[in-house]
Amino acid sequence: MTTEEGNCLGWAARDPTGVLSPYKFNRRVVGADDVSIRITHCGVCYADVVWTKNKYGDSQYPVVPGHEIAGIVTDVGPNNHRFKVGDHVGVGTYVSTCRNCEYCDDGFENHCSEGSVYTFNGVDVDGTVTKGGYSSYIVVHERYCYKIPDNYPLASAAPLLCAGITVYSPMIRHKMNQPGKSLGVIGLGGLGHMAVKFGKAFGLNVTVLSTSISKKEEALSLLKADKFVISSDEQQMKDCAKSLDFIIDSAAGDHQFDPYMSLLKTNGTLVLVGFPSEIKLSPVSLNIGSKTIAGSVTGGTKTTQEMINFCAGHKIYPEIEVIPIQYANEALERLINRDVKYRFVIDIESSLK
């Protein structure tokens, strides 16, 4: 594939300090199945910290982060039948897969047998390193683009593409959408606050489990959780024993699992969506009560579109702090310090010049 001349402006990290600054690069020309999207907004995810700072040792600099992308279609390839110029669209954590394996065929492209191509710091079909949404526009195969209803704000749509789908997908898969059931949410950040919102929309009784008393008021008044439990308080945890059908564990840091497993009812399920350094628990926590612990990452294209439609239909909006691109470095530092309620969204349209 050919590239146009120095056509895209982004912000990139050049080394493991992770410091972002303006960077010009080429996007490929629009292929037969592609969509070109003028980016209006991009959410700030912890993945942006991971790869700008080379936390996994596989960063390919310069890194242009960002995989919660919302924008407007400016061009489509001739084979495209889903989108037209002017459509509002989103792009999530991956931009290509093999499209042939059993998982792609079943709409679980995020588990593609060949490995999905990440939206940034991945290797694209043409051999180039993918560059993400901290940029003026992006060219993506239509299969990995999602229609955002015109009445749903693009700034609010951006965090759905990673934070939203990461909790929605396992909630649907494990049938956490049964009204009257009870859900516990560990960790009240970008992912956790969306799990609370989905839980309430599904008609669940939602308990927030947090080590931080400072989050209690917002959990109950803003996010409308039914109950707030300080997980380091043994008495509060004991009072909550065997009361939950499901738990979504979005805690990023290392934590014990046995105390949380004790909160599940018989046949209860805990789904891990964070990445602690290890999972350690007693077999008793699983076997007694026939409990399940499962993992999950993002979601397939079908489920992602379904989630966006669900949010629009139920007026579910992430809690966001909109920032200019010039504030991106401070935002990443604040994210590391967990100082955000509950997702930063970069206003690319107004600030990237």
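Residues numbered from 1 in each chain as written. Predicted model: local features only at pLDDT ≥ 70, side-chain atom pairs only at ≥ 80, totals over all residues. Heavy atoms only, no water.

This part takes up the packing of helix α4 (residues 163-173) against helix α5 (residues 190-201). α5 packs onto α4 with a crossing angle of 50° between their chain directions and a minimal axis gap of 8 Å. In this view, α4 runs oblique relative to α5, as classed from their interaxial angle. You can see that α4 and α5 cross each other, and the crossing is right-handed. For the pair α4 and α5, contact is made by A163, G164, T166, V167, Y168 and M171 and by G190, L191, M194, A195, F198 and G199, respectively. Of the residues contributing to the contact of α4 with α5, the split by class is eight nonpolar, four polar and no charged. (Axes fitted to C-alpha atoms, helices over the stretch in contact; angles between N-to-C directions. Helix = DSSP H or I, 4+ residues; strand = E, 2+ residues; numbered from the N terminus. Parallel < 35°, antiparallel > 145°, perpendicular 65-115°, else oblique. Left-handed = near helix turned anticlockwise from the far one by under 90°. Contact = heavy atoms within 4.5 Å. Nonpolar A, V, L, I, M, F, W, Y, C, P; charged D, E, K, R; others polar.)

With that settled, consider the sheet that holds strand β14 (residues 264-272). Within a beta sheet, neighbouring strands are joined by backbone hydrogen bonds and run either parallel or antiparallel to one another. Pairing is parallel in the open sheet, where six strands are placed in the order β12-β11-β10-β13-β14-β15. The open sheet has two free edges, formed respectively by β12 (227-230) and β15 (292-295), since each of these has just one partner strand. Within this sheet the neighbouring strands show an average axis-to-axis angle of 20°, counted without direction. Note: strand β10 (residues 182-186) against strand β11 (residues 205-210), five bridges, orientation parallel. Opposite I186, over in β11, you have L209 as the bridge partner. In the packing of α4 onto the sheet, the strands contacted are β10, β13 (244-249), β14 and β15, and the crossing angle to β13 comes to about 150°. Most of the contacts of α5 go to β10, to which it runs at about 170°, and overall it touches β10, β11 and β13. (Pairing = 2+ DSSP bridges.)

Scanning the model with the defined rule gives 14 salt bridges in all. Salt-bridge contacts for E68 lead to R343; the nearest nitrogen and oxygen are separated by 2.7 Å. With E68 in the loop between α1 (46-52) and β4 (69-76) and R343 in strand β17 (residues 343-347), the pair connects residues that are 275 residues apart, well separated along the chain. On the basis of relative accessibility, which here comes to 0%, the residue E68 falls in the buried class. Looking at R343, the relative accessible area reads 5%, which means it is buried. When the shortest N-O distance is used, the salt bridge between R143 and E109 registers 3.0 Å. Taken together, the residues span a long stretch of sequence, with R143 in the loop between β8 (137-141) and β9 (145-147) and E109 in the loop between α2 (102-105) and β7 (117-118) at a distance of 34 residues. Connected via shared salt-bridge partners are R28, D34 and D124. (Salt bridge = Lys/Arg side-chain N within 4 Å of Asp/Glu carboxyl O. Buried < 20%, exposed > 50% of the residue type's maximum accessible area, 1.4 Å probe, protein only.)

With that out of the way, let us pick up the UniProt feature "domain: Enoyl reductase (ER)" (unreviewed entry) in the chain. Within this numbering scheme, the UniProt entry marks residues 18-346 as carrying the feature "domain: Enoyl reductase (ER)" (unreviewed entry). Helix makes up 25% of residues 18-346 and strand makes up 25%, while its end C-alpha atoms are separated by 17 Å. (UniProt positions renumbered as here; feature names shortened; annotations may be inferred.)

Here strand β16 (residues 320-323) pairs with β17 via four bridges, running parallel. The partner of V322 across the bridge, within β17, is V345. Chirality of the crossover, the property in question, places the unit of β16, helix α11 (residues 328-336) and β17 among those that are right-handed. (Right-handed = clockwise from strand over helix to strand, strands pointing away.)

If you check helix α10 (residues 301-314), its first and last C-alpha atoms are 20 Å apart, about what 14 residues at 1.5 Å a residue would give, namely 20 Å. Tucked into the core, α10 has its buried residues touching β6 (94-96), β9, α4 and α5. Of the residues flanking the end of α10, it is K315, one or two places downstream, whose phi is positive at about 50°. (Expected span 1.5 Å × (residues − 1).)

Glancing now at the packing of aromatic side chains. For the structure on display, the rule yields twelve aromatic pairs. Put simply, the rings of W51, Y56, Y118 and F120 pair up and form one aromatic cluster. (Phe/Tyr/Trp six-rings, centres within 6.5 Å; stacked < 30°, edge-to-face > 60°.)

Here we take up unusual backbone geometry. The omega angle of the peptide bond from Y61 to P62 is -5°, so this bond is cis rather than trans. Residue position: P62 is located in the loop between α1 and β4. Residue Y342 is bonded to the preceding K341 through a cis peptide linkage, with omega at -10°. Counting through the fold element by element, Y342 comes out in the loop between α11 and β17. Backbone geometry places K175, a non-glycine residue, at a positive phi of 55°. Examined against the element boundaries, K175 turns out to sit in the loop between α4 and β10.

In this section: α4. A large share of α4 lies buried, amounting to nine of its eleven residues. Among the residues making up α4, those that are buried are A163, G164, I165, T166, V167, Y168, S169, P170 and M171. Against the buried residues of α4 lie β10, α5, β13, β14, α10 and β17. Following α4 by one or two positions, K175 adopts a phi angle in the positive range, close to 55°.

Let us look at the environment of S250. Topologically, S250 is positioned in the loop between β13 and α8 (258-261). Separated by 60 residues in sequence, S250 and G190 have C-alpha atoms that sit 8.9 Å apart. Other than its neighbours up to four places away in sequence, S250 contacts I186, G187, L191, G192, V273 and G274. A polar contact of 2.7 Å, which involves the side chain of S250, links it to the backbone oxygen of I186. (Polar contact = N/O pair within 3.5 Å; in protein donor to acceptor, adjacent residues only side chain to side chain.)

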